[in-house]
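# Structural characterization, general
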Amino acid sequence: MTNEQILQALHAYGPVHLKAVMFDMDGVLYDSMKNHAVSWHETMLHFGFKNFPLEEAYMHEGRTGAGTINIVSQRERGHDATPEEVAEIYAYKAELFNRCPKAEPMQGAYELLQKVKASGITPMIVTGSGQKTLLGRLNTHFPDIFRPELMVTAFDVKMGKPNPEPYLMGMQKYARYQGGTFSPSNFIVVENAPLGVQAAVAAGVFTIAVNTGPLPDEALLSQGANLLFPSMQSLCDHWEQLLPLFTQ
Ligand code: MG
């Protein structure tokens, strides 16, 4: 990534006066997407949905469980699943997920979070996840980084990604916590999923995609990602280069 590429992206977006970075969790802070993908794939097969390749889980990442289930039900059966079916299928998926080996923190994530914080920029979490196992481990793996007042999880939102709601709520929480008025140009988002990028872009925020999964870069760029890095480590390695351009 050259300065010129970054400046070009900033020119297209407009100036960023960075105050806080909103990090997605699955596939960004934790290497947890493989577990989600395998769990979804096996769950769909178990309930008789034959056509749900592993890769599709990455395309749906960020959606609510009910949203994913109904897309597949509509496609294969021509109608939504009943609320009871949704509950049963989602419970099965959550059980498989919890049996998976524990997801490790993404390489480079903690180092980047420490750099962000040391720069005087506030790190936040905006996730559609309601997996208590991961949320509960945040303070163990990333000690002294996140404040509970500055987190958005599945328990806060109604719509979920790709709706901009989670990121709009993140910005509201920051403004409430910090006091004062802020605009989307005071934030950046770090996302790994196409629907997450879509949500962040719809919220008007400069969006950095990290392609930590099997999808082609184009799946993220076509949703409007402003910059793309191949990994969290790579984004971390570029932080010193990005910071001055985002705080001018
Ligand atoms: Mg994600």
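Structure: see above.
Residues numbered from 1 in each chain as written. Predicted model: local features only at pLDDT ≥ 70, side-chain atom pairs only at ≥ 80, totals over all residues. Heavy atoms only, no water.

Before going further, it helps to examine the coordination of the magnesium ion. The protein atoms donating to the magnesium ion are D24 (OD), D26 (O), E61 (OE) and N192 (OD1), with metal-donor distances spanning 2.0 to 2.2 Å. Positions of the donor residues of the magnesium ion, expressed as sequence spacing, correspond to D-x1-D-x34-E-x130-N. With a gap of 35 residues between them, D26 in the loop between β1 (20–23) and α2 (33–46) and E61 in the loop between α3 (54–60) and α4 (65–77) connect regions that are remote in the sequence. Taking relative accessible area as the criterion, D26 reaches 7% and is therefore assigned buried. Assessed through its relative accessible area of 8%, E61 is described here as buried. (Donors = N, O, S within 2.8 Å, 3.2 Å for Na, K, Ca; no water. Helix = DSSP H or I, 4+ residues; strand = E, 2+ residues; numbered from the N terminus. Buried < 20%, exposed > 50% of the residue type's maximum accessible area, 1.4 Å probe, protein only.)

Here the focus is the packing of α4 against helix α5 (residues 83–99). Each pair of packed helices can be summarised by the angle the axes make with each other and by the distance between the axes. Close contact between α4 and α5 brings their axes to 10 Å; oriented N to C, the two are set at 115 degrees. As judged from the angle between their axes, α4 and α5 are roughly perpendicular. For α4 against α5, the interelement crossing comes out right-handed. Residues G65, A66, I69, N70 and R77 of α4 pack against E85, V86, I89 and Y90 of α5. Of the residues that constitute the contact of α4 with α5, the class distribution is five nonpolar, two polar and two charged. (Axes fitted to C-alpha atoms, helices over the stretch in contact; angles between N-to-C directions. Parallel < 35°, antiparallel > 145°, perpendicular 65-115°, else oblique. Left-handed = near helix turned anticlockwise from the far one by under 90°. Contact = heavy atoms within 4.5 Å. Nonpolar A, V, L, I, M, F, W, Y, C, P; charged D, E, K, R; others polar.)

Let's shift gears to the pairing of strand β4 (residues 187–191). Burial analysis of β4 places five of its five residues in the buried class, the great majority of the element. On β4, burial covers both faces: F187, V189 and E191 on one face and I188 and V190 on the other are all buried. Note that β1 and β4 share four bridges and pair parallel. If you follow M22 over to β4, its bridge partner there is V189. The pairing of β4 with strand β5 (residues 206–210) spans four bridges and is classified as parallel. Pairing of E191 across the sheet is with A209, part of β5. The parallel pair β4 and β5 is bridged by helix α9 (residues 194–202), and the resulting crossover is right-handed. (Pairing = 2+ DSSP bridges. Right-handed = clockwise from strand over helix to strand, strands pointing away.)

We now examine the layout of surface pockets. Volume-wise, the second largest pocket comes out at about 150 Å³. Lining the second largest pocket, in full, are K117, T122, P123, D144, I145, F146, R147, L150, Y177 and Q178. At the level of secondary structure, the elements contributing two or more residues to the lining of the second largest pocket comprise β2 (122–126) and α8 (165–178). Here the lining of the second largest pocket is built from residues that sort into five nonpolar, two polar and three charged. (1 Å grid on protein atoms, 1.4 Å probe; cavity = no way out; pocket = protein on both sides within 12 Å on 5 of 7 lines; lining within 4 Å. Points joined across faces, edges and corners; volume = space filled by probe spheres on them.)

Don't take any of this as a statement about function, it's just geometry.
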